[in-house]
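# Structure at a glance
Spelled out from the first residue to the last, the chains are:
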Amino acid sequence: MPEDKFIEARLQTRHKLELMERYWGAWCTILARTAGHYRFCPTRLWLIDTHAGCGEHASATDPDGRIEGTPALAALAARETQRRFPGIEVRVRATDIDKSVAKQLFSALQPYRGTPPSGVDIKVGNVDWVDAVPWVAAEIADENHPHGGRPAGPCRHEHRSLWFIDPYGVESIDHS
């Protein structure tokens, strides 16, 4: 494998992974602690990686020869949050437009799937992220679960989601 394909040679990617590893978990912890304090439902949180890649990076120094990518780091943060905060479920959604990459991503995330608190509800989409937004947004809007601190009844409750949109190269994102 060419040396530049290893994570150690990709400074920007290493910084991104370090940042997202910390941020996924911090975001989940902060929101999990809000149960009953704010007007949104904290019992179901969402982590979405729209340009997820294959889920891992080749490493020249790691004993396994690979390290987790951002979607796997999201799954680890979800699992840790669910274990620390009973009653909180964190769902992970990841997409990649390339069919072979999405297939690798599905396999890479398989060890994290399962029933909370030790397993994570994970779905992988083989679609352009723009096409994934409607189905992910519909899942986020679903209210068919315990309200977790919000009063049940006719008033709508809301879920919180953290979207990581990291396209390869420079792309403009249409505001609509």
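Attention here is on the structure that accompanies the text. (Residues numbered from 1 in each chain as written. Predicted model: local features only at pLDDT ≥ 70, side-chain atom pairs only at ≥ 80, totals over all residues. Heavy atoms only, no water.)

### Brief notes about the overall build of the chain
When helices and strands are counted, the chain shows four helices and six strands. Helices and strands appear in the chain in the N-to-C order α-β-β-β-α-β-α-β-α-β. The buried share among the 176 residues of the chain stands at 41%. Looking at the chain alone, contacts between residues at least 24 apart form 69% of all its contacts between residues at least 6 apart. (Helix = DSSP H or I, 4+ residues; strand = E, 2+ residues; numbered from the N terminus. Buried < 20%, exposed > 50% of the residue type's maximum accessible area, 1.4 Å probe, protein only. Contact = heavy atoms within 4.5 Å.)

### Focus on the nonpolar core
If you look at the biggest cluster of nonpolar residues, it comprises 30 residues, and the most contacted ones within it are Trp24, Trp27, Leu47, Val90, Val92, Leu109 and Ile122. Only α1 (11-32), β1 (44-49), α2 (70-84), β4 (89-95), α3 (99-109) and β6 (160-164) provide two or more residues apiece to this core. Per-element accounting of this core gives the leading share, seven residues, to α1. Among residues more than four places away in sequence, those in contact with Val92 are Leu47, Pro71, Ala74, Ala75, Ala78, Val120, Asp121, Ile122 and Lys123. (Core = buried A, V, L, I, M, F, W, Y, C linked by side-chain atoms within 4.5 Å.)

### As for the layout of surface pockets
Looking at the second largest pocket, its volume works out to about 210 Å³. Along the walls of the second largest pocket sit 13 residues, with Leu17, Glu21, Leu73, Leu76 and Ala77 positioned nearest its centre. Of all the elements in the fold, those that place two or more residues in the lining of the second largest pocket are α1, β3 (66-68) and α2. Examining the composition of the lining of the second largest pocket, we find that six residues originate from one element, α2, more than from any other. Considering only residue class, the lining of the second largest pocket consists of five nonpolar, three polar and five charged. (1 Å grid on protein atoms, 1.4 Å probe; cavity = no way out; pocket = protein on both sides within 12 Å on 5 of 7 lines; lining within 4 Å. Points joined across faces, edges and corners; volume = space filled by probe spheres on them. Nonpolar A, V, L, I, M, F, W, Y, C, P; charged D, E, K, R; others polar.)

### With respect to the environment of Ser161
Along the chain, the position of Ser161 falls in strand β6. A relative accessible area of 27% means that Ser161 is categorised as partly exposed. Sequence-wise, Ser161 and Leu47 are 114 residues apart; in three dimensions their C-alpha atoms are separated by 5.9 Å. Those residues within four positions of Ser161 in sequence are excluded, and the remaining contacts are Trp27, Trp46, Ile48 and Ile140.

### Here's the deal with the sheet that holds strand β5 (residues 122-125)
Taken in spatial order, the four strands make up an open sheet running β5-β4-β1-β6, and their pairing is parallel. Taken across any chain shown, the strands that pair with only one partner, and hence form the sheet edges, are β5 and β6. Strand-to-strand twist of the sheet, defined as the mean angle between neighbouring strand axes without regard to direction, takes the value 15°. Both β4 and β5 contribute to a ladder of four bridges, which runs parallel. Note that in β5 the partner of Arg93 across the bridge is Lys123. (Pairing = 2+ DSSP bridges. Axes fitted to C-alpha atoms, helices over the stretch in contact; angles between N-to-C directions.)

### Some words on helix α4 (residues 129-141)
Between its first and last C-alpha atoms α4 spans 18 Å; for 13 residues at 1.5 Å apiece the expected length is 18 Å, and the two agree. Packed against the buried residues of α4 are β1, β4, β5 and β6. Two or three places before Val130, at the opening of α4, Asp128 has a side-chain oxygen 3.0 Å from that residue's backbone nitrogen. (Expected span 1.5 Å × (residues − 1). Polar contact = N/O pair within 3.5 Å; in protein donor to acceptor, adjacent residues only side chain to side chain.)

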